Amino acid sequence: MQHNRKTSKHKTVPTPTEAILESISDGVFTVDLNWRITSFNRAAEDITGVPRDKAIGNNCCDVFRSSMCETDCALRHTMKSGKPVIGRTGYVIKGDGNRIPISVSTAVLRDSKGRIVGGAETFRDLRELEAVQEELQGRFHVGDMARRSPVMQRVFEVLPGIASSPRHVLLMG
């Protein structure tokens, strides 16, 4: 984050707002009216793979390379309408070419007179959520019966063999 900071004998002391933004796991960045990034938190660096010093001052669509930038920019919508966007999904492409699924929320930034001076966007990395969803999808098949317990998982492992046998089987429980 680059704002007013107090310095104390060679140490930069973050403002309370900066400290909060640095401690959260969601990426947060702000832009001015020219779409130049004015702040970029640690989580934004982690998710995008773009160092803060390379992001600040650059156009946000050059930094994010998101699926939303060209056609459906959530922040552009918010800046035009004044209304926030909450939970829109898309992806960003990291510098190494990996596609990262994200959820985006936006807000306008106003000065003390109520004039729009920029925008803020938070974005959440959805890779972990997608992995859990894929795992759950893999668990729920074979007649849509749930198999969460290890005992039931073993039963599901032997079902194909039982199904191919000429014997009748009654499962109870």
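The numbers attached to residues start from 1 for each chain and follow its sequence in the written order. At least 70 in pLDDT is required for a residue's local features to be given in this predicted model, at least 80 for side-chain atom pairs to be given and counted, and no such filter applies to totals for whole chains, interfaces and linings, which use all residues. The basis for every side-chain value is the complete set of heavy atoms in the structure, and neither hydrogens nor water enter the calculation.

1. Some words on the side chain of T48
In step 1: Strands here mean DSSP runs of E at least two residues long; helices mean DSSP runs of H or I at least four residues long; both are numbered from the N terminus. Within the element layout of this structure, T48 appears in helix α2 (residues 42-48).
In step 2: Residue exposure (1.4 Å probe, protein chains only): buried if accessible area is under 20% of the type maximum, exposed if over 50%, otherwise partly exposed. The exposure class of T48 is buried, given its relative accessible area of 2%.
In step 3: A polar contact of 2.7 Å, which involves the side chain of T48, links it to the backbone oxygen of A44.
In step 4: Pairs of N or O atoms within 3.5 Å make up the polar contacts considered here, provided that, within protein, one atom can donate a hydrogen while the other can accept it, and that residues adjacent in sequence are counted only when both atoms are side-chain atoms. A polar contact of 3.1 Å, which involves the side chain of T48, links it to the backbone nitrogen of V50.
In step 5: By the convention used here, residues are in contact when the closest approach between their heavy atoms is within 4.5 Å. If sequence neighbours within four positions are ignored, T48 has contacts with F40, F64, K94, G95 and F123.

2. Comments concerning the side chain of N59
In step 1: The residue N59 is located in the loop between α3 (52-55) and α4 (60-64) in this model.
In step 2: For N59, a relative accessible area of 19% corresponds to the buried category.
In step 3: A polar atom in the side chain of N59 sits 3.1 Å from the backbone nitrogen of C61.
In step 4: When near neighbours in sequence (up to four residues on either side) are disregarded, N59 contacts N34, W35 and R36.

3. A short note on the environment of S66
In step 1: Mapped onto the fold, S66 is located in the loop between α4 and α5 (74-81).
In step 2: Considering only alpha carbons, one finds S66 and I93, 27 residues apart in sequence, at a separation of 6.3 Å.

4. Here's the deal with the pattern of salt bridges
In step 1: Salt-bridge detection follows one rule: a side-chain nitrogen of Lys or Arg within 4 Å of a carboxyl oxygen of Asp or Glu. Taken as a whole and assessed by the stated rule, the structure comprises seven salt bridges.
In step 2: Between R124 and D26 there is a salt bridge, with its nearest N and O atoms 2.8 Å apart. Of this pair, R124 sits in strand β7 (residues 116-125) while D26 sits in the loop between α1 (16-23) and β3 (27-32), and the two are 98 residues apart along the sequence.
In step 3: What makes R124 partly exposed here is its relative accessible area of 45%.
In step 4: A relative accessible area of 15% means that D26 is categorised as buried.
In step 5: Bridged by salt links that share partners, the residues E22, E45 and R52 form one connected network.

Read these as spatial facts, not as claims about activity.
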